[in-house]
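# Survey of secondary and tertiary structure
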Amino acid sequence: MFIKKTIPLLLSAALITLPIFTACGDAKSSADENQADENVIAEVETQETLPAAESMIRQQVSGKDYGGYEFRVVGNTSSDGITGLVYNEVYYEEENGEPLQDSVYRRNQQTEDLLNCKIRLITQSEPEKSLRNSVIAGDDEYDAMLSSLMNQGSIAREGLIKNYYNIATMDLSNPWWDKNIVSNFTILGNKLYFLAGDINFRDDYAVAVIYFNKQLIENFGYDNPYDLVDSGKWTLDAMLYMVNGFTQDIDGDGKLDIKTDRYGFGDNTDIIKHLIFSMGSKITETDKDGIPRIAEMTESHIGKVEKLYNDICNNDNIFVGDNAPIVHAMLDSRCLFYYEMLGAYSLFRTMEDDFGIIPPPKYDEAQENYHAYVSNGWTSTYVVPITNPDFNRTGDILETMCAFSTDTIRATLYDVLFTVKYARDTQTARMIDYVVDSKVYDWSGDFGWLNDLTGCYTSLTNSKSFDFVSRIEKVEKKVNKTIEKMVEDFTAAD
Ligand SMILES: [Ca+2]
Ligand SMILES: [Ca+2]
């Protein structure tokens, strides 16, 4: 289930000891004392029942009043092409019964009440372009932007957005920020430009999962995937055992076709790139100086890629190709497992069989944790333009929005959408925890700069032989040059 944040012990302890001090007053009548005690007890009860995130943020921004300031966030509102889900995670004028929209509305109300500010959304068809034009012109049009991460890389390199480590009112170690995005995108040890966390939900839609057909698992007498996940035995081999037993040429025409036959597993041609992350590897790794590097070509790394090449790409029981026919096969009860981002759950709303959601498999049982790749294209992140007139005020507002999102947006995402409305069982919520806690971001994502490097993984899918290492060697020099230029840009930026 939804994991509650830990209540800060110091704060709770301080509140509990409060009544002792009131008992020391000597000039008060006993009626006054009783009244005072009651007030303190009421205060203690209120504060103790406050959610942890709310208690923390109330302390952090205590006494701040922004005099009705209008906080301007630029973003887009169009729905995305894959799921039809809305991009708007910033502002709604009113509640309308749609759970996520209402949670955004409530989060804003709480933030506005606490800081005396107004949250406003300015929509643009290409928000990054609007932000670039605005910053270059030196205009003060926006306080922040929420948009697709993959479109923000360039403006960060151009020095148009603020380093979050240089905003004094922000604390990136707060539990409402996603620790994975902070660690993965901190560059040069002290620079971070993109942020996600409880404040948005498209970063959660962007996480890789495996969808599976529960009915088919039962019919074939396979182990319950949830139990495998819980016991740490959800590995590539465990999945392959089921996949290889399931695929069948059911129309008997002597060949396998995703439109008519049964497939154990399907994914698009990025399959090696997708699964290498779940096996605990990355395509780039940040070195001790905070510089992204091509992942070290260790025996272990090459071995994992080779296993994917042999057991996945050269396995007729797995369909590697377009997503649409795989989704159709899923809906038609002809596909057992499907790799897709979490946000795609809405595609299975009409599925007759029950489906489950689990993290992508580990390499082997010795691997400690599950890991899930986050698509830079799907995820949204907040950035702050350097033309922002008051970084500390923006820091306070973003911190407060994000803190109040823990018990509004994040809670809604888990409790309502995944457990009740779509995923159809309570165990799924625990699986979502595995996934969300295991997010992996990578500089090789979808920024476009390192396509030569990611291409070594993706093009291998169709390669006639396992020539991964020579592919890497071929592009190494060029990729290192690209990284060098990237580091130069970030060194010059704020
Ligand atoms: Ca989130
Ligand atoms: Ca067939």
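Keep in mind the model is a prediction, meaning the values are calculated, not measured.

### Let's talk about the overall build of the chain
Looking only at helices and strands, the chain has 18 helices and 13 strands in total. Residue burial in the chain is summarised as follows: out of 494 residues, 44% are buried. Residue pairs at least 24 apart in sequence account for 78% of intrachain contacts in the chain once pairs closer than 6 positions are excluded.

### Quick word on the nonpolar core
Buried together is how nonpolar side chains tend to be arranged in soluble globular proteins. Formed by 128 residues in total, the largest nonpolar core has its most connected members in Val73, Val207, Val209, Tyr211, Ile272, Leu336 and Ile358. With eight residues, the single largest contributor to this core is helix α15 (residues 391–422). Counting contributing residues per domain, this core is built from domain 2 (60–204 + 378–422) and domain 3 (208–373 + 439–492), each supplying no fewer than three. When sequence neighbours within four positions are dropped, the list of residues in contact with Ile358 reads Val209, Ile210, Phe212, Pro225, Tyr226, Val229, Trp234 and Met431.

### Considerations on the sheet that holds strand β10 (residues 355–358)
Reading across from one edge, β8-β5-β9-β4-β10 is the order of the five strands in this open sheet, with mixed pairing throughout. The sheet is open, and its two edges are formed by β8 (318–320) and β10, each paired on a single side. Each strand axis lies, on average, 20° off the axis of its neighbour in the sheet, ignoring direction. The strands touched by helix α16 (residues 427–437) within the sheet are β4 (208–213) and β10, with β10 carrying the most contacts at an inclination of about 30°.

### Here we look at the sheet that holds strand β12 (residues 380–383)
Spatially, four strands are ordered β2-β1-β3-β12 in an open sheet, and the strand pairing comes out mixed. At either end of the open sheet lies a strand with only one pairing partner, and these are β2 (117–123) and β12. Strand-to-strand twist across the sheet, computed as the mean angle between neighbouring axes with direction ignored, equals 25°. In the sheet, strand β1 (residues 69–75) pairs with β2 via seven bridges, with the strands oriented parallel. Along β2, the bridge assignment pairs Gly75 with Thr123.

### Here's the deal with the pairing of β1
As judged from the two bridges shared by β1 and strand β3 (residues 144–148), these two strands associate in the parallel manner. From the neighbouring strand, Val73 faces β3, where its bridge partner is Ala144.

### Examining the environment of His328
Relative to the elements of secondary structure, His328 occurs in helix α14 (residues 323–331). What makes His328 partly exposed here is the crowd of 15 C-beta atoms within 10 Å. Along the chain, His328 and Leu347 lie 19 residues apart, while their C-alpha atoms are 9.6 Å from each other.

Calculation criteria
Residue positions are given per chain, counted from 1 along the sequence in the order it is written. Whichever chain is written first is A, and whichever ligand is written first is 1; the rest continue in order. The predicted nature of this model means local features are confined to residues of pLDDT at least 70 and side-chain atom pairs, given and counted, to a pLDDT of 80 or more, with totals for whole chains, interfaces and linings taken over all residues. Secondary structure elements are taken from DSSP: a helix is a run of H or I of four residues or more, a strand is a run of E of two residues or more, and numbering for both begins at the N terminus. To sort residues by exposure, count the other C-beta atoms lying within 10 Å of each residue's C-beta; 20 or more gives buried, 12 or fewer gives exposed, and values between give partly exposed, all with C-beta atoms placed from the backbone. Whether two residues are in contact depends on their C-beta atoms, placed from the backbone: they are in contact if these lie within 7 Å. Connectivity within a nonpolar core runs through C-beta atoms within 7 Å, and the core itself is a set of buried Ala, Val, Leu, Ile, Met, Phe, Trp, Tyr and Cys residues. Where each domain begins and ends follows an automated or database-derived domain assignment. Pairing between strands requires that DSSP locate at least two bridges from one strand to the other. Lines fitted to C-alpha atoms define the axes here, with helix axes fitted over just the stretch in contact, and angles between the N-to-C directions of these axes take values from 0 to 180 degrees.

Function-wise, these values are silent; they only describe arrangement.
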